[in-house]
Each structure stands twice: as structure tokens, then as C-alpha cells.
Number of protein chains: 2
Amino acid sequence: MPKDWAGSGVDLHLEISTADGRRRGLEDSLREAIRDGRLQPGTRLPSTRALAAELGLARGTVSAAYDQLVAEGYLTTRPGSATEVADVSPRGHASAIPPAAATLHDRSAPATPRGRAAPAPTIPGTPSAPEVSIPPMPSAPLHDLSPGQPDVSAFPTRAWLRATRQVLSTAPAGVFGRCDPRGRIELRAALTGYLARTRGVLTTPDLMVITTGFVQALNLLATVIDGPIAMEDPGHDFYREVVRRTGHEIVPLPVDELGAQVGTLASATAAAIVTPAHQYPMGVPLHPHRRHVLREWAIGGGLVVEDDYDGEFRYDRQPVGAFQGTAPEHVVYFGTTSQTLAPSLRLAWMAVPQALIGRVTEAKLHADAHTEVLGQLVLARLIETHDYDRHIRAARLRYRRRRELLIARLGAALPGATLPGVAAGLRALLLLPDDGPAEIDLLDACERRGIALRPASPLWHGTGQEGLLIGYAAASERAYPHALEALAKTLAELGGRPARSSP
Amino acid sequence: MPKDWAGSGVDLHLEISTADGRRRGLEDSLREAIRDGRLQPGTRLPSTRALAAELGLARGTVSAAYDQLVAEGYLTTRPGSATEVADVSPRGHASAIPPAAATLHDRSAPATPRGRAAPAPTIPGTPSAPEVSIPPMPSAPLHDLSPGQPDVSAFPTRAWLRATRQVLSTAPAGVFGRCDPRGRIELRAALTGYLARTRGVLTTPDLMVITTGFVQALNLLATVIDGPIAMEDPGHDFYREVVRRTGHEIVPLPVDELGAQVGTLASATAAAIVTPAHQYPMGVPLHPHRRHVLREWAIGGGLVVEDDYDGEFRYDRQPVGAFQGTAPEHVVYFGTTSQTLAPSLRLAWMAVPQALIGRVTEAKLHADAHTEVLGQLVLARLIETHDYDRHIRAARLRYRRRRELLIARLGAALPGATLPGVAAGLRALLLLPDDGPAEIDLLDACERRGIALRPASPLWHGTGQEGLLIGYAAASERAYPHALEALAKTLAELGGRPARSSP
């Protein structure tokens, strides 16, 4: 049914096929007109009422077609304004389209149920199936106790913006031109100094590689390792999946109260990924004797990969120095801003032994050329001005208080539950007693009450201990006590004890 | 020789071993003191003269040790200031350390001599070999005709900063929290609209994946392709190397004056990576009949990967629409900001057929979780406000003038040389006549005169045609005519003709 359409300043010939229904026909026709330029960007469309009258369609049909094209990005709409062509408004879309399939890579978050692949994200709309419904935007959790996430409401926005302005005012060739695959020298130099003084890391700027996060660092490393890789058991299950996908055999490295049992490392194992400062998730530092054993194994030919994921956050005593400083030619050191500033920055670093730097650099070059430059230069300035230190010091004080509150509130909420290793980090592991509630029942109860946290059992390579992984950093300062209280009540109720009131 | 050292407010016990020489002993000792915190960040060191006198060393020894530690990031120094501990000054370092091994991934730049791996970057200083000398910082080329790089001196700094301020003022959970592996919905929605209206790309935000550049997009894609991959011959040799490293067999796809000879694609070939809008490097658009043949091959089961690397830059006629729009379920579409804004941003995108989006998303998740968020949100705003369009329009005008100047100046500089396909893009391919100068001699002459450009022959899979790949965008507006003039004179001289003077 060809139609000449003239209204609201738009004069357009729309060929509307009704073979697949009127709504779909109208959508196809508008999409086509936008794509081939007959409908120019910024063009205001007629109201649904006017167009429906003109085309002899139900107003709801026109309205549904507009909605679909808004969701697809062809049209934009704002409250109180006409619908326009292709002036894509992010804000407008954010409310119409689900912002994300659940992000699955949370540092402390089991990304995938063990042994299964991550579920593909939902694809609500496609060109060939425009009729699918668009689910409502998922809301943020009421009580955010997600592990491994810092309090982003405390992000040093002003310092970041100031440094951005300064960086952008420097020579454009430096800021916008290509970059060494290892990253900008300014950041590598700043980090070399920073890591030397705060973590005892012994390296040089030329042996550092800036990556887009810990996950990429793992992937780069896997390309230069030939043989089985030992990973702590329990340990981070998403990272295990990342390594598994690189094709390497994974050897479980058991953990006890002295840390990883590094005496079990065989000489056939090529590399061992460990968390010596603060075992993930058990929290213990690697015992000095074990450090010695690990160093001997490394000098004998093994490669140690030190994941110093939250070396900045210790509360009870002086930080344990990086293991890397004791054997820099045998250790790859990993650090990240995901725990200190924000996971969205995707800025991490590796200090690499000289024997491997060439191959790691080549792997980075062929993986994604180099890491984005502006963020690197801004971070270098924050380190240089000590804004980075100040931010971490302030965060450390806040997180220490939160940890104390957590111990006080959860310590007695469930008889028999234990909280190993909370001397450091941004999270606590709560292990359930044998006669306590089941992990799955607790998770269900938490979900019903809007409490976001993670199960503990997927952290083990085999059958895991049941429990909860509780992040005490993610919530804002105001929200945290309420989140903790909600969890304590849930624990007490499922543990069969009356909930105590908040202190 | 233990020494008590007190001077300039620093009171320090330095154990200086002379086993490896005095300079190295002093370096080790200072490094140790900085690492274990005895020398605090910000501490001013004594002058080289004072310390030399105190320790009984030659002043040059102290000076050399300071220099080494500055290079390693332990010390910092500024003209007219004292040397300080670990207040790492990016600027100070930039002048002391080579900023980069030559970056090898230039879009138009042969990254590696064909068949050889990229050379590992030089590692000038390591903990175990602190005596290595530090080469001087390489200077920028006098005449920058590097292909595949936009004029970054025209980067829209003010618009970028303004958008950054706006983005940072929004809710922190959105800006700093985790993100869908595919990227932020705001950018995917903005790009969906932008690509639909400017390039005729038919997709939805849910089928888009934001990557850290074209190289990463290639790697992600390789994980979901099972079988040989056809790549244009000639084509981009660095991307060939990226694909080769993924383990896929590479099938040459020959190019003639109608574009890629897609009729040669076998059904056993799993995918074909093509540049239909503007063949790289020959410049021809894919002939309409060839587009039809390619579409049939794709519908028959092949996957087409459309590299729309500079679809924005056409000068002679209306842009050729994206091939993707003709078969969106069989084409992966790649675009990037590297040619439009700056290669340092590392922001690119893929529009993926529905059948592949789940696997590509999983590959991205396990490659590096997701792309950095701040840059995504800033770019989304620039698209939304049309600052992005304005920037591209202005650049297109400038580059068109530069191209005209190039044709006028080089067209007659070397008899028999040809300049195929300069109707679009940021670069020109100059093919040398059989009886003309050799590519290698021209490159040598250019290098001696400070002219940065690239040889053409590595672009072919087998034996290549000799020539030059000349970027007319990289230089600033002021510098470009001089660079072109220097090249024209070089060509004329080696071609045996007297250099004409500039018009």
C-alpha cells in the first residue's frame, strides 16, 4: 500500500508492505528511509496520532513501530519533544534498552557456574526479528555486597578531571599518537617508582607492560607459557576459566592456613599463579617458609605469577611486601586499578622478567596494539601528584571501619560460621557450618531481599566448601550499614536464631 | 664500605658494596633504601658534588648512578631542582628514557618485514644489568607522511574535555562500575544510529561490540571462525600477521581494478576480510557486480568481514554505503576512531550477525572483560551532540585539499609512477615504474631526509609491487606542504629529473 506522506515538514514516500503485519511493514519502511537518507538526521516525525490518521493505521501500531525504532537507535525521543530521526540520545536509550547482560567478570564474582560456559547475553532486538519484546531495565541491587568492587561513589572525580585537563593541554602528538605496545613511558615510570616504594617491587619502566586489566594480562602471559599452570584451590573461578580457554592444563595448588602449599609444585609445572600477600579468597599471607620454598622452585625453572590484586588494602599490620622483589627474574607481577579506583578504567600492569619481556610485548602488540593512552597519562599524573596515594589511604580507613562492623555484626549472626582472613582486602569469606543452612538457600533468601553477593563454593576446583563471599567496599558509606544489617538478619533467620537488632 | 650519610636533611646508612664496581654498588644501595622505605618519596637527595665528597667517590660515579635511578623511576629530577626520591615525574622521565620501541601496528604501516616476527623492543635497563646505556630519545620525523594516521593536532580537545566533564558529573555507579562485555549501551545505541545514517549499516545496539581497536576485533572474530580466512592481496600486512598468529590458514584474495576478485572465493573458505568501500591499499570501491557475487557467497555460508576503516573519507562522490546493509546476517562490520579522531583512543566497534553475537561477546569477556568505560561515554556524547560529525566534516575538507596538493605535486615528479585510487582515505599508494628507482633506495633517501612513510611491497602476500605508501593526514596543516615538497624533490632526484620548485 504505497502512501505519500506529507506532514510536519516531512514529505516522504513510504512503501509499506503488510506481508508481515502492518507494524512490521511500517518499521521496515521507516528503517529503509532512514538508511538510504530519505529521512535525514534531525528530521522531526509526525505525532503517532497524525501518522496513524494519514496511513490509516491504528495509533498503537504507529506507536509500537516508533518504540521499536527508538530501541534500535534509528529514532530518538525525549519527554515533551517530537520523535526525531537518528539523533541518537544515549539517555533516551538507556531507559528503553536493557543496559547490559549481567556482567560476568567480577573479580570476586564467580563468572560462570563451574564447568559451564558463560550464558550468551540476551539479544532483545535484531533486524530480522523486530517484534521481540524489550525487557525492562534491571535495577541496581537494594543492598550491594558484591565482592571485589571498590566504593565507586568515592572515585576522585575532581582530581581525575583536573589531570585530564592538564594532559589534554600537552602536545597532541604525544597524547593522541601511537604508543609503545608496553604503554606510555610516563605511566610505566610512575608505576615503577610507586610499586618500589609501596610494594617493594623491583623492576624498571622497560620491563613493565600496561594492560587493559588483569584478564588481558592473564591472556598475554598464557601465550608465553608452555606447559601446565598451577592455580590456587580455592581461587578465583573466572580466572581459572580464562586460563582454561587458553588451552593450558590447570593444576590445582591446594591452600591451607599457611597459604598455598607450594611444596606440592612439580618441576613439570611451567607456572604458578599465586596471591602471596593475601590469599584469594582465604585471606592468609603466604608463610615466610613457603615464600622461601616458592622462591627455590622459581629459581629452579618455574615461573611465579604474583597476583597482587589488593596489596594496598591491609589493616592489621604492615603490608607484606611483594614476593616479586625477592626474585624479580622469576616472577611476573600483576597489579590493577580495579580495586583502588574503579573497574571501569581497565588499567592494570605487569612487571615482567627480562627473559620474557620481548614475547609479552609482542603478544600485547598483536592482541590490541597498546592500551588506551589518555587514561594512562591521567593515572601517571595522579601517581605523580600523590592524589593516588591519598585516595587509597582514605579508602583504606573507610574499608577498615567497614570490616570491623562486618565482624561485629556477622560474627555471631550464625553459630558455627567462620570468617577466615579478613585482615586485608575488600571482601570477607563466610564459611557455613556443616549443620547450618545450605549455600543455595542463603543465596535465594539474599536475592529475594535484594542483597547482592556471591556463593563461595565455585571457588574450589573440585567440591567446594559452602559459604558466602561478601564485598564490604561496593556500597556507599551510607548504604553499607543497612546492607550489612539485612544480611545479618537473613543469616540469623536461616540459621534459626532470632535476628538481633542493629547495634 | 659502610657510610653514614647525613646531608640535605637526609640521614641514611648506606651499605655500599664495591664487588660490582662503585657505581653499581651505589645504585644498589640507593635502590634498596628507596624500596624498603628508608628513603621516603619526596626526599631531596644531596647534590652529586656533596654526595661524592661524603662517600669518597668520583662525582661522575654519583652522577651516573643518579641518572640510572632516574631512568628506572626511583628518582626524579627537574632542571634547576634537586634530585628527589620516587616522586616520579613523567616529564622528567620522558626526556631520559626512550619513549617507545617503534610502534609497529600503524594501520597503514607494515608492522613487520614479511615473514619475520616483529623485533622485540630494546630493553635499555634491567635490575640485573643496570650498567646498560640509555639511548637518546628518538626525535619525531621532520616530515611526517606516515600512512593511516589522522592529523592529531586537530583533535577536538575542547569538545572531548567538555564531554568528559559532563560524563564525570553523572552517577558514579554508571561511569565507574562494571560494564556489559559488549560495551556501554549509550555508545552502542549512538553508534547504531550514526552508522545507520552515515554508512547504511543495519544493526541494533544489542548486536554491537565495542572493542579496544581493530586488532582486538580481528582476534575476537578469529575465535568464532573455524576454517581458512581469505584476505585481500594486496592488503594490510600487519593484520595478516595478527590473523596468522591466531592459527588460521590465510587464503590470498587477489585484487584488480574492480576490487577484490570475490568470484575466486571457495566454499571451503570460512570467512573473507574485505574493504569494499575503498580497497586497502589500491583505493578502488568493490564493483556492484562483485558486491552481488560476494553477497551470494555469504548467503551460501561464507562470513564476510567488512573492514570499513575509513568509510568516512571520500572526496569525489557520495560515500559507497556499507556492504553490511545488504546482508546484515552474514557480515561482521568493523569501524574505528583511529582514522577519525586518534589512534591512541583504542575505540572501535563491530556489528555482529545475531548467530555470532553470543560467541563474540564471550570471547570479549574472556579477552579483557570489557572496554574502558569513560572513553565510550565521552564518544557517545560527541556523537549525540554532532561534535563527532562536525569534526569529521572539517577533517574531510582538509584532507581533500591535501590530496589535491599531493596529486598536483607528485603526479609529475617521477615519470611512469602511478597513484591509483586516491578518491578516498588518508593515504596514497605511489607505484614505481619498472625502470624507476628501487623502493629500497627511495626509502633510504627519505629516511636520510627525515621523511617518514612506508614501503608498498610488503602489502602483497607474495612478491610485491614496489612503491611508497604516503599518508597525507598525519602532518599538521602547516607542516604538510613542506613534507610533500621534500618528498617530491626526493622522487625527482632519484628519478633522474631536476626537482621542480614548489608551486
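Just so we're clear, the structure is a prediction, and the values are computed from it rather than from any experiment. (Residues numbered from 1 in each chain as written. Chains lettered and ligands numbered in written order. Predicted model: local features only at pLDDT ≥ 70, side-chain atom pairs only at ≥ 80, totals over all residues. Heavy atoms only, no water.)

Looking now at the overall build of chain A. Within chain A, the secondary structure is distributed over 15 helices and 17 strands. In chain A, which comprises 503 residues, the share counted as buried stands at 62%. Put simply, of all contacts in chain A between residues at least 6 apart along the chain, 71% involve residues at least 24 apart. On chain A, roughly 17900 Å² of surface is accessible, and the fraction owed to carbon and sulfur atoms is 52%. (Helix = DSSP H or I, 4+ residues; strand = E, 2+ residues; numbered from the N terminus. Buried < 20%, exposed > 50% of the residue type's maximum accessible area, 1.4 Å probe, protein only. Contact = heavy atoms within 4.5 Å. Areas by Shrake-Rupley, 256 points an atom, 1.4 Å probe, with all protein chains shown as cover.)

So, about the pattern of salt bridges. Think of it this way: side chains of opposite charge can pair up when their charged atoms draw near. Taken as a whole and assessed by the stated rule, the structure comprises 36 salt bridges over all chains. The partner of Glu362 of chain B in a salt bridge is Arg245 of chain A, and the shortest N-O contact between them spans 2.8 Å. Within this pair, whereas Glu362 of chain B is found in helix α11 (residues 354-368), its partner Arg245 of chain A is found in helix α9 (residues 237-245), the two belonging to separate chains. Ionic pairing is found between Glu477 of chain A and Arg401 of chain A, a salt bridge with its closest N-O pair at 3.7 Å. With a gap of 76 residues between them, Glu477 of chain A in the loop between β17 (467-471) and α15 (480-494) and Arg401 of chain A in helix α13 (residues 387-410) connect regions that are remote in the sequence. Taking the relative accessible area as the measure of exposure, Glu477 of chain A reaches 36% and is therefore partly exposed. A single network of salt bridges, built from pairs that share partners, joins Asp151, Arg401, Arg402 and Glu477 of chain A. (Salt bridge = Lys/Arg side-chain N within 4 Å of Asp/Glu carboxyl O.)

Turning our attention to the sheet that holds strand β16 (residues 454-455) of chain B. Residues and elements named next belong to chain B. The strand order β14-β17-β16 describes an open sheet built from 3 strands, whose pairing is antiparallel. Each having just a single partner strand, β14 (427-431) and β16 make up the two edges of the open sheet. When β14 meets strand β17 (residues 467-471), the two strands line up antiparallel, connected through 5 bridges. For Ala428, the partnering residue across the bridge sits in β17 and is Ile470. (Pairing = 2+ DSSP bridges.)

On inspection of all chains with the given rule, the structure shows 16 aromatic pairs over all chains. Residues Phe214 of chain A and Phe334 of chain A carry aromatic rings whose centres are separated by 5.1 Å and whose planes lie at 80 degrees to one another, so their mutual orientation is edge-to-face. Placement of the pair is Phe214 of chain A in helix α8 (residues 214-224) and Phe334 of chain A in strand β12 (residues 331-336), with a sequence separation of 120 residues. The burial state of Phe214 of chain A is the same as that of Phe334 of chain A; both residues are buried. Ring geometry for Tyr194 of chain B and Tyr388 of chain B: centres 5.3 Å apart, planes at 65 degrees, overall edge-to-face. You can see Tyr194 of chain B sitting in helix α7 (residues 185-199) and its partner Tyr388 of chain B sitting in helix α13 (residues 387-410), a full 194 residues away along the chain. Judged by its relative accessible area of 3%, Tyr194 of chain B falls in the buried class. When its relative accessible area of 0% is taken as the criterion, Tyr388 of chain B is described as buried. Put simply, the rings of Phe214, Phe238, Tyr239 and Phe334 of chain A pair up and form one aromatic cluster. One Lys or Arg, Arg402 of chain A, reaches over the ring of Tyr480 of chain A and ends 5.3 Å from the middle of that ring. (Phe/Tyr/Trp six-rings, centres within 6.5 Å; stacked < 30°, edge-to-face > 60°. Lys NZ or Arg CZ within 6 Å of the ring centre and 35° of its normal.)

Moving on: the packing of α9 of chain A against α11 of chain B. Look at α9 of chain A against α11 of chain B: their axes get within 9 Å of each other, and the N-to-C directions meet at 110 degrees. Taken together, the axes of α9 of chain A and α11 of chain B are roughly perpendicular relative to one another. Residues Phe238, Glu241, Val242 and Arg245 of chain A of α9 of chain A pack against Glu362, Ala363, Leu365 and His366 of chain B of α11 of chain B. By residue class, the composition of the contact of α9 of chain A with α11 of chain B is 4 nonpolar, 1 polar and 3 charged. (Axes fitted to C-alpha atoms, helices over the stretch in contact; angles between N-to-C directions. Parallel < 35°, antiparallel > 145°, perpendicular 65-115°, else oblique. Nonpolar A, V, L, I, M, F, W, Y, C, P; charged D, E, K, R; others polar.)

Here we come to the side chain of Arg290 of chain A. All names here are of chain A. With respect to the helices and strands, the residue Arg290 is situated in helix α10 (residues 288-299). Residue class for Arg290 comes out buried when judged on its relative accessible area of 13%. Once residues lying within four places of it in the same chain are set aside, the contact partners of Arg290 are Asp256, Leu258, Gly259, Ala260, Gln261 and Val262.

A few words now on the confidence of the model for chain A. Caution applies to low-pLDDT parts of the model: their predicted coordinates are not meant to be read in detail. Residue and element names in this part refer to chain A. In the predicted model, chain A carries a mean pLDDT of 83, and the fraction of residues at 70 or more is 82%. Contacts of residues 1-11 to residues separated by more than four positions or lying in other chains number 33 contacts, the stretch itself having pLDDT below 50. The low-confidence segment residues 87-138 (pLDDT under 50) makes 150 contacts with residues lying over four places distant or belonging to another chain. Both confidence scores are given for the complex: pTM 0.76, ipTM 0.76. (pLDDT = per-residue confidence, 0-100.)

Residues and elements named next belong to chain B. Note on placement: Pro181 falls in the loop between α6 (172-176) and α7. When its relative accessible area of 3% is taken as the criterion, Pro181 is described as buried. With 253 residues separating them in the primary sequence, Pro181 and Asp434 have C-alpha atoms 51 Å apart. Apart from the residues lying within four places of it in its own chain, the contact partners of Pro181 are Val209, Thr361, Lys364, Leu365, Ala369 and His370.

So, about the sheet that holds strand β8 (residues 250-256) of chain B. Residues and elements named next belong to chain B. Spatial ordering of the open sheet is given by β6-β13-β12-β11-β10-β7-β8-β9, a layout of 8 strands whose pairing is mixed. Only two strands of the sheet have a single neighbouring strand rather than two, namely β6 (208-211) and β9 (259-260). Judged from the 4 bridges that link them, strand β11 (residues 303-307) and strand β12 (residues 331-336) form a sheet pairing that is parallel. In the strand pairing of β12, Glu306 is matched with Tyr333. Strands in contact with helix α10 (residues 288-299) are β8, β9, β10 (271-274) and β11; relative to β11, the strand with the most contacts, it is inclined by about 135 degrees.

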